[in-house]
Amino acid sequence: MVSKRLQAIPASGTIAISNLVSQMKSEGVDVVSFSMGEPDFTTPGNVIDAACESLRSGNTHYTPSLGIPALRRAVAETTRDRNGVPCDASNVLITPCKQAIFMIALAYIDPGDEVILADPSWVSYEACIRLAGGVPVYVPTRFEDNFVLDPALVEAAITPRTKMIILNTPSNPTGAVIPSDVLRQIADIAMSRGIKVMSDEIYESIIYEGRHTSIASFPGMFDNTIIVSGVSKSHAMTGWRLGWAIAPEEDIKAINKLQSHSISCAVSFVQDATVEAITGPQDARDAMVREFRKRRDLAMDLISEIPGFECNIPQGAFYIFPKYNRDIPSAKLAEVLLREGHVAVTPGTAFGPGGEGFFRVSYATSEDMIVEGISRIKKVMGQL
Ligand code: GLU
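Each value, and the rule that gives it
- Residues numbered from 1 in each chain as written.
- Predicted model: local features only at pLDDT ≥ 70, side-chain atom pairs only at ≥ 80, totals over all residues.
- Heavy atoms only, no water.
- Helix = DSSP H or I, 4+ residues; strand = E, 2+ residues; numbered from the N terminus.
- Rg over C-alpha atoms; globule rule 2.2 N^0.38 Å.
- Buried < 20%, exposed > 50% of the residue type's maximum accessible area, 1.4 Å probe, protein only.
- Pairing = 2+ DSSP bridges.
- Near = heavy atom within 4 Å.
- Polar contact = N/O pair within 3.5 Å; in protein donor to acceptor, adjacent residues only side chain to side chain.
- Areas by Shrake-Rupley, 256 points an atom, 1.4 Å probe, with all protein chains shown as cover.
- Nonpolar A, V, L, I, M, F, W, Y, C, P; charged D, E, K, R; others polar.
- Salt bridge = Lys/Arg side-chain N within 4 Å of Asp/Glu carboxyl O.
- Core = buried A, V, L, I, M, F, W, Y, C linked by side-chain atoms within 4.5 Å.
- Contact = heavy atoms within 4.5 Å.
- Expected span 1.5 Å × (residues − 1).
- Arc of directions from axis to C-beta.
- Axes fitted to C-alpha atoms, helices over the stretch in contact; angles between N-to-C directions.
- Parallel < 35°, antiparallel > 145°, perpendicular 65-115°, else oblique.

Novice: Which residues make up the overall build of the protein chain, and what values do they have?
Specialist: Regarding its fold elements, the protein chain presents 13 helices and 14 strands. Here the C-alpha radius of gyration of the protein chain, 20 Å, is about what a compact globule of 384 residues would show, namely 21 Å. Overall, the C-alpha framework of the protein chain stretches about 60 × 55 × 50 Å when taken along its three principal axes. Taking all 384 residues of the protein chain together, 56% fall into the buried category.

Printed below as a string of structure tokens:
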């Protein structure tokens, strides 16, 4: 019998659908996948070259558990220069982004601690909170507000047991970008109550309107924040599994204790390649973002043409979270779309109770696939 801890969580909804899609494809079914949140582009050539060079020069050993100094420095400098976060290399731990989130939950959440997060939110936050024995406290966000968190609702959700607030901007699954003035209000609330914020900024480079703001850039807030980010989405490096946590040094030391007992360190040659990814030319990254923007506009236009469908305007990431007006649970709808239309989407409820009546479309796929996949959705909906 597996532990009660594990029994309390389902397997990841995003990964489950993507596994199913891979299986169907291997059986010869022509599936259009809008399920997995991953760029369809290949990692830029200069990054691949840097990895090969690193391997050939013998970098096949453990690295320091915190990460190689060159990468820790590069991450700190980029975050400081781009986002105004007052950090240096001592504030950086190199680790896969999801591993960082998992370790942060274990490092800070005790049984019964409450963690505030937006509803809907990415699937694995809730699982990590529960695995640590904590209680997820969802704060609803509204389609009408473009899914931006309301600081008054965040404040109202705080109790003496609140240990952490999780933010994710731009957001997976809604593409919402939390405006700077809203972040400032949340920062004031967190600082005045002494509540830590975990700020997942993995989509920080994929933003179409305005600029990314890190909550850690507000005066005094760095001491209260753990940033999580990485290169998976920005540099089409999902399979390389490389990201980081940025926080005050004592937090980094605490999280590193878990790293030392789990993965030991991030992959050696991937760390070298990531130095190139973030300090080398950024043309490939910028071209990808331009392409995502075109695809977003195309997908939104096509989805909005389906009778009974409405879309908010995602300002970042590569997801659309359409609302549909049929009386069918989102998990069932996703199943029907896959079975009848051979098109894979993620049900809204994978992202929290507020996701009912919605589903997530990842448009990080080619324009042809977007046109074909949405026409399949339209056809199935017409038959329901
Ligand atoms: N973050 C991506 C997604 O939401 C990849 C899968 C996962 O990490 O959940 O689809």
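Next comes the rest of the write-up.
Novice: Could you give an account of the pairing of strand 7 (residues 225-230), with specific residues and numbers?
Specialist: Within strand 7, six of the six residues are buried, leaving the element largely enclosed by the surrounding structure. Neither face of strand 7 is left uncovered, since the one carrying Thr 225, Ile 227 and Ser 229 and the one carrying Ile 226, Val 228 and Gly 230 both have all their residues buried. Across four bridges, the pairing between strand 6 (residues 196-200) and strand 7 is parallel. Counted as the bridge partner of Val 197 is Thr 225 from strand 7. Sheet topology places strand 7 next to strand 8 (residues 243-246); four bridges connect them, and they run antiparallel. Bridge pairing links Ser 229 to Trp 244 in strand 8.

Novice: Which residues make up the site of the ligand, and what values go with them?
Specialist: Around the ligand lies a shell formed by Thr 14, Ile 15, Met 36, Gly 37, Lys 98, Trp 122, Asn 172, Lys 233, Tyr 319 and Arg 360. Separating an oxygen atom of the ligand from a side-chain N or O atom of Asn 172 is a distance of 2.9 Å. In the environment of the ligand, a nitrogen atom lies 3.1 Å from a nitrogen or oxygen atom belonging to the side chain of Lys 233. Expressed as a share of its isolated accessible area of 270 Å², the protein-covered part of the ligand is 92%. Taken together, the residues of the shell around the ligand break down into four nonpolar, three polar and three charged.

Novice: How would you sum up the pattern of salt bridges? Please name residues and give values.
Specialist: With the rule as written, the count across this model stands at 20 salt bridges. A salt bridge links Arg 193 to Glu 155; the nearest nitrogen and oxygen atoms lie 3.7 Å apart. Residue Arg 193 is found in helix 8 (residues 180-193), and its partner Glu 155 is found in helix 7 (residues 151-157); the two are separated by 38 residues along the sequence. Take Arg 193: its relative accessible area is 42%, and that puts it in the partly exposed class. You can call Glu 155 partly exposed: its relative accessible area is 36%. Notably, a salt bridge pairs Arg 296 with Asp 297, separated by 3.1 Å at the nearest N-O pair. The class for Asp 297 is partly exposed, based on a relative accessible area of 32%.

Novice: Which residues make up the nonpolar core, and what are the values?
Specialist: With 69 residues, the main nonpolar core has Phe 34 and Ile 377 as its most contacted residues. The biggest single contributor to this core is helix 5 (residues 97-108), with seven residues. Beyond its immediate chain neighbours, meaning those up to four positions away, Phe 34 contacts Val 343, Ala 344, Val 345, Arg 360, Val 361, Ser 362, Thr 365, Met 369, Ile 370, Gly 373, Ile 374 and Ile 377. Counting residues in each nonpolar core, the second largest holds 26 residues, with Ile 68, Ala 74, Cys 87 and Met 237 among its members.

Novice: Lay out unusual backbone geometry with the relevant residues and their values.
Specialist: Cis geometry is found at the peptide bond from Asp 119 to Pro 120, where omega equals 5 degrees. For Pro 120, the position within the fold is in the loop between strand 3 (114-119) and helix 6 (123-131). A cis amide bond links Asn 172 with the next residue in sequence, Pro 173, at an omega value of 25 degrees. Looking at the secondary structure, you find Pro 173 in the loop between strand 5 (162-168) and helix 8. Phi at His 342 is positive, roughly 55 degrees, even though this residue is not glycine.

Novice: Lay out helix 8 with the relevant residues and their values.
Specialist: Over its 14 residues, helix 8 runs 20 Å from end to end, which matches the ideal 20 Å to within 8%, given 1.5 Å per residue. For helix 8, the set of buried residues is Val 182, Leu 183, Ile 186, Ala 187, Ile 189 and Ala 190. When helix 8 is viewed along its axis, its buried side chains cluster within an angular range of 165 degrees and face the same direction. Along its buried surface, helix 8 packs onto helix 7, strand 5 and strand 6.

Novice: Break down the packing of helix 12 (residues 330-341) against helix 13 (residues 367-383) for me, with residues and values.
Specialist: Relative to each other, helix 12 and helix 13 sit at 105 degrees, their axes nearing to 10 Å. With respect to helix 13, the element helix 12 is oriented roughly perpendicular. Residues Leu 333, Val 336, Leu 337, Glu 340 and Gly 341 of helix 12 form the contact with helix 13, whose own contacting residues are Arg 376, Ile 377, Val 380 and Met 381. In terms of residue class, the contact of helix 12 with helix 13 is made up of six nonpolar, one polar and two charged.

The values are spatial; any link to function lies outside them.
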